[in-house]
Amino acid sequence: MKKFVQIAFLLIGGALGLVFLPPLYELLHLSSNPWLDNPYVSVALGALLLFTLSFAFSDYFVKLISWMEEVLFKVPVGDLLFGTLGLIIGLIVAYFLGFAINSVQFPVVTEVLPIILSFVLGYLGFRLGFRKRDELIQLFTLRSNHTKKKAAEGAEIPEVRGSYKLLDTSVIIDGRIADISETGFIEGVLVVPQFVLTELQHIADSSDTLKRTRGRRGLDILKKLQDERKTNVEITDEDFEDVQEVDLKLVRLAKKMGNDTQIVTNDFNLNKVCELHHVKVLNINDLANAVKPVVIPGEDMQVVVIKDGKEHNQGVAYLDDGTMIVVEGGRSYIGQAITVTVTSVLQTSAGRMIFAKPKDD
């Protein structure tokens, strides 16, 4: 790269010498010298001068090019493509506006304003194409599908806009999302950000056996989702370098993708963060709680008390679906199967808890 920069300096110096040295000779009254007032000599002097300067400044240019290269490699291809397309459209609009400006009789306006318009409209075009990439893709996709269906069936079909479901790390590792998806209860496109995949990979590469198993399970679940839903699972390279927390990245990505985007999770804390940011969230635990059998206070059930509770003289039992039952006065029944009477039920996004007491009491 350093040699490339030096060669570029050499060529640019030759071009600048050819353009600017002859007027400089006239200004210094040296144009009568046939050795100096020669295009070949001007090119050689300009090239030699900038080539010499390249040894002092080439390192800075190499660092600048490396930094730009690193930034461009991180930008998704879709964002770069649509941003460049918007830049070209902005410059074309500025070019045509320049014709109208040329009719103005003020030299300052006709020379300066087109340059300013080119910068402003080019920048706005790039930002518009960069930020509206997903909407443009969705617009063209919907129109294409609409045209195909209309041509095939010969009737007008209303467009249906699909929603996006962002999957977080916890819900992928949990695995129930694959079973729910298979039943068809989740519609739209499942989106897995690259930073979630990176976190899954770190967990799968962990030295801790349990974490490693959970990470590999999450990767297997993703593969299962792709095989079952085929094109309905997308991986996006969108990232936010200024944010370290994966949960906050998910929230920002959901806001950027639009109001129809929902985050699918079973993380109670992420659920609360989404509510604070007014982002739609689907909690798998809420769904699981909704389809659990209804337990009514006063109902009797058979349970096995397996351990102590947090409070004095409490015992803890579990249903087949993992629901915890706190048995008041159940400590003395540890290891026994007893009949309990439900006294109350506590339902939250973190799960469901049943409070009961032994029927004998």
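Its UniProt record gives the chain a comment under Cofactor (unreviewed entry), which states: "Mg(2+)".

Either a parallel or an antiparallel arrangement is found when strands of a sheet pair, and the pairing is made through backbone hydrogen bonds. Across the sheet, 5 strands lie side by side as 3-2-1-4-5; this open sheet has parallel pairing. On the outer flanks of this sheet lie strand 3 (233-236) and strand 5 (280-283), each paired with one strand and no other. Direction aside, neighbouring strands of the sheet carry axes that sit 30° apart on average. Inspection of the sheet shows strand 4 (residues 262-265) paired to strand 5 by 4 bridges, in the parallel sense. Counted as the bridge partner of Ile-263 is Val-281 from strand 5. Packed onto the sheet, helix 8 (residues 194-204) meets strand 1 (164-167), strand 2 (189-193) and strand 3 and runs at close to 60° relative to strand 2.

What follows is about the UniProt feature "transmembrane region" (unreviewed entry) in the chain. Under the present numbering, the feature "transmembrane region" (unreviewed entry) in UniProt falls on residues 41-65, 77-98 and 104-126. Helix and strand shares over residues 41-65 are 100% and 0% respectively, and the end C-alpha atoms of the span are 31 Å apart. Span residues 77-98 is 100% helix and 0% strand, its end C-alpha atoms 32 Å apart.

Side-chain alternation along strand 4 places Gln-262 and Val-264 on one buried face and Ile-263 and Thr-265 on a second face that is also buried. Pairing of strand 1 with strand 4 involves 3 bridges; the strand directions are parallel. Note on strand 4: the bridge partner recorded for Lys-165 is Gln-262. For the crossover that starts at strand 4, traverses helix 11 (residues 268-276) and ends in the parallel strand 5, the hand is right-handed.

Glancing now at the pattern of salt bridges. Summed over all chains, the structure comprises 8 salt bridges. A salt bridge links Arg-176 to Asp-174, with the shortest nitrogen-to-oxygen separation between them at 2.7 Å. Owing to a relative accessible area of 29%, Arg-176 belongs among the partly exposed residues under this scheme. Residue Lys-272 pairs with Glu-275 through a salt bridge whose shortest N-O separation is 4.0 Å. Separated by 3 residues within a single helix, Lys-272 and Glu-275 lie in helix 11, roughly one turn from each other. Taking relative accessible area as the criterion, Lys-272 reaches 40% and is therefore assigned partly exposed. Look at Glu-275 and you get partly exposed, because its relative accessible area is 44%.

Summed over all chains, the structure comprises 1 aromatic pair. Between the aromatic rings of Tyr-95 and Phe-96, the centroid separation amounts to 5.7 Å while the plane-to-plane angle is 75°, which identifies the pairing as edge-to-face. Taken as a pair, Tyr-95 and Phe-96 share a single burial class, namely exposed.

Moving on, we come to the confidence of the model for the chain. Per-residue confidence for the chain gives a mean pLDDT of 79; residues scoring 70 or more make up 84%. The low-confidence segment residues 153-161, where pLDDT is below 50, has 13 contacts with residues more than four positions distant or belonging to other chains.

Moving on to the environment of Val-77. Mapped onto the secondary structure, Val-77 falls in helix 3 (residues 77-101). Val-77 sits in the exposed class, given a relative accessible area of 68%. Separated by 160 residues in the primary sequence, Val-77 and Asp-237 place their C-alpha atoms 9.2 Å from one another.

A rise of 1.5 Å per residue sets the reference length of helix 3, with its 25 residues, at 36 Å; its end C-alpha atoms lie 36 Å apart and thus fit the reference within 8%. Within helix 3 the residues assigned to the buried category are Asp-79, Phe-82, Gly-83, Gly-86, Gly-90, Ala-94, Gly-98 and Ile-101.

What follows covers the side chain of Thr-265. Take Thr-265: it is sitting in strand 4. Aside from chain neighbours lying at most four places away, what touches Thr-265 is Asp-168, Ser-170, Val-171, Leu-270, Val-281, Leu-282, Asn-283 and Ile-284.

With respect to the secondary-structure elements, Gln-314 resides in strand 8 (residues 314-318). In terms of polar contacts, Gln-314 uses its side chain to reach the side chain of Glu-328, at 3.0 Å. Excluding residues within four positions of it along the chain, Gln-314 makes contact with Lys-307, Asp-308, Gly-309, Val-326, Val-327, Glu-328, Gly-329, Gly-330 and Arg-331.

Thresholds, definitions, all that
- Residues numbered from 1 in each chain as written.
- Predicted model: local features only at pLDDT ≥ 70, side-chain atom pairs only at ≥ 80, totals over all residues.
- Heavy atoms only, no water.
- UniProt positions renumbered as here; feature names shortened; annotations may be inferred.
- Pairing = 2+ DSSP bridges.
- Helix = DSSP H or I, 4+ residues; strand = E, 2+ residues; numbered from the N terminus.
- Axes fitted to C-alpha atoms, helices over the stretch in contact; angles between N-to-C directions.
- Contact = heavy atoms within 4.5 Å.
- Buried < 20%, exposed > 50% of the residue type's maximum accessible area, 1.4 Å probe, protein only.
- Right-handed = clockwise from strand over helix to strand, strands pointing away.
- Salt bridge = Lys/Arg side-chain N within 4 Å of Asp/Glu carboxyl O.
- Phe/Tyr/Trp six-rings, centres within 6.5 Å; stacked < 30°, edge-to-face > 60°.
- pLDDT = per-residue confidence, 0-100.
- Expected span 1.5 Å × (residues − 1).
- Polar contact = N/O pair within 3.5 Å; in protein donor to acceptor, adjacent residues only side chain to side chain.

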